[in-house]
Structure formats: structure tokens, C-alpha cells
Amino acid sequence: MKKVIKFWLKSAKENLTTAKAMHKTGRWSFVFFMCQQTVEAILKAVYVIKKKEQHPFTHNLKLLLEKLEVSVPENIEEIILNLSAHYIAARYKTERFNSTIYNKQTAAEILNNTEKVILWFSKEFKLKI
């Protein structure tokens, strides 16, 4: 299980780095997607840590959070649920090119919010990301 946890934590770090790179290049929808992937990786790592079993095979952050059975602050849960919607929309829907949804400001906000999620889980579960 340690290999699986290490994989997901390394993935989270790499995904966040990619989100920041996408922000620098103006690829706003991909910032959202990579932030979603970052949080997904963290939730899967925490699931394995907490449950000591294989995580569910899903990209649904709400489902992962529910299965974790962890009480998270309301603001953190709200960020996670908001990110979940962007797994599909930021890549496959016409919204991907909607500048009222995906723009410099919203991308900066989602990066900041993702870092809040990382910080909370890092403190709560003593993660090194």
C-alpha cells in the first residue's frame, strides 16, 4: 500500500505543478482539470491511508469524499464539489472554451482553492506533497 500512497501523492504534486504551468500559459480550462486531478489524487491517497485498501476506481470527487467518511470543513467540501464538475466540462464540453467560466481570474481562484484543500489534507493526515 505504501507504493500506492506514494504514487498518488507524487501524482498530486505533479498535477498541481502542471496546473500552475497551464495558468502561466493561459490554458484556463486545463488549470481546472489539473486542479481536479490534484484533488482526486489526494483523496485516493487518503482513502488508501485511512481504509488500508484499494481506492474506488472513479473520478467523482463527491463519491470519493463520501467513501472516505472524513468530516471536512464546509469550505473545503465546497471546493471539492465545485472541482468535481470540471472533470468533464473542462475537457469535453463546449464550456471548455467559455471565457466566462474559464479565465485568468477563475483559474487563479481555483488554484488558490486547490492549495487550501492540499493544506487541509496535509495537516489532517500528515501528508508530504
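Everything below is about the structure shown above.
Residues numbered from 1 in each chain as written. Predicted model: local features only at pLDDT ≥ 70, side-chain atom pairs only at ≥ 80, totals over all residues. Heavy atoms only, no water.

Asker: So what about the overall build of the protein? Which residues, and what values?
Answerer: When helices and strands are counted, the protein shows 6 helices and 0 strands. Going from N to C terminus, the protein has its helices and strands arranged as α-α-α-α-α-α. Against the compact-globule benchmark of 14 Å for 129 residues, the protein has a radius of gyration of 14 Å, which places it among compact chains. In terms of overall dimensions, the protein has C-alpha extents of about 40 × 25 × 25 Å along its principal axes. Within the span of the protein, comprising 129 residues, buried residues form 47% of the whole. Sequence-distant contacts in the protein: of pairs separated by 6 or more residues, those separated by 24 or more amount to 63%. Of the roughly 7500 Å² of accessible surface on the protein, a fraction of 54% belongs to carbon and sulfur atoms. The protein carries 22 positive and 12 negative side-chain charges, and their two centres are separated by 10 Å. (Helix = DSSP H or I, 4+ residues; strand = E, 2+ residues; numbered from the N terminus. Rg over C-alpha atoms; globule rule 2.2 N^0.38 Å. Buried < 20%, exposed > 50% of the residue type's maximum accessible area, 1.4 Å probe, protein only. Contact = heavy atoms within 4.5 Å. Areas by Shrake-Rupley, 256 points an atom, 1.4 Å probe, with all protein chains shown as cover. Lys, Arg positive; Asp, Glu negative; His and termini not counted. Charge placed at Lys NZ, Arg CZ, Asp CG, Glu CD.)

Asker: Summarise the pattern of salt bridges; cite the residues concerned and give the values.
Answerer: Evaluation of the coordinates by the stated rule reveals 3 salt bridges. The partner of Lys44 in a salt bridge is Glu40, and the shortest N-O contact between them spans 2.8 Å. Of this pair, Lys44 and Glu40 both sit in helix H2 (residues 28-51), 4 residues apart, which is roughly one turn of the helix. An identical accessibility class is assigned to Lys44 and Glu40; each is buried. As a salt-bridge pair, Glu69 and Lys51 come within 3.0 Å of each other at their nearest N and O atoms. Within this pair, whereas Glu69 is found in the loop between helix H3 (61-68) and helix H4 (74-84), its partner Lys51 is found in helix H2, the two being separated by 18 residues in sequence. (Salt bridge = Lys/Arg side-chain N within 4 Å of Asp/Glu carboxyl O.)

Asker: So what about the packing of aromatic side chains? Which residues, and what values?
Answerer: For the structure shown, the criterion picks out 4 aromatic pairs. Where Phe32 meets Tyr102, the ring centres are 4.8 Å apart and the plane angle is 80 degrees; that geometry is what we call edge-to-face. Of the two residues, Phe32 is situated in helix H2 and Tyr102 in the loop between helix H5 (86-92) and helix H6 (104-125); the sequence distance between them amounts to 70 residues. The buried category is assigned to Phe32, whose relative accessible area is 4%. Ring centres of Trp120 and Phe121 lie 4.8 Å apart, and the angle between their planes is 85 degrees; on these two criteria the pair is classed as edge-to-face. The residues Trp120 and Phe121 share a single accessibility class, namely buried. (Phe/Tyr/Trp six-rings, centres within 6.5 Å; stacked < 30°, edge-to-face > 60°.)

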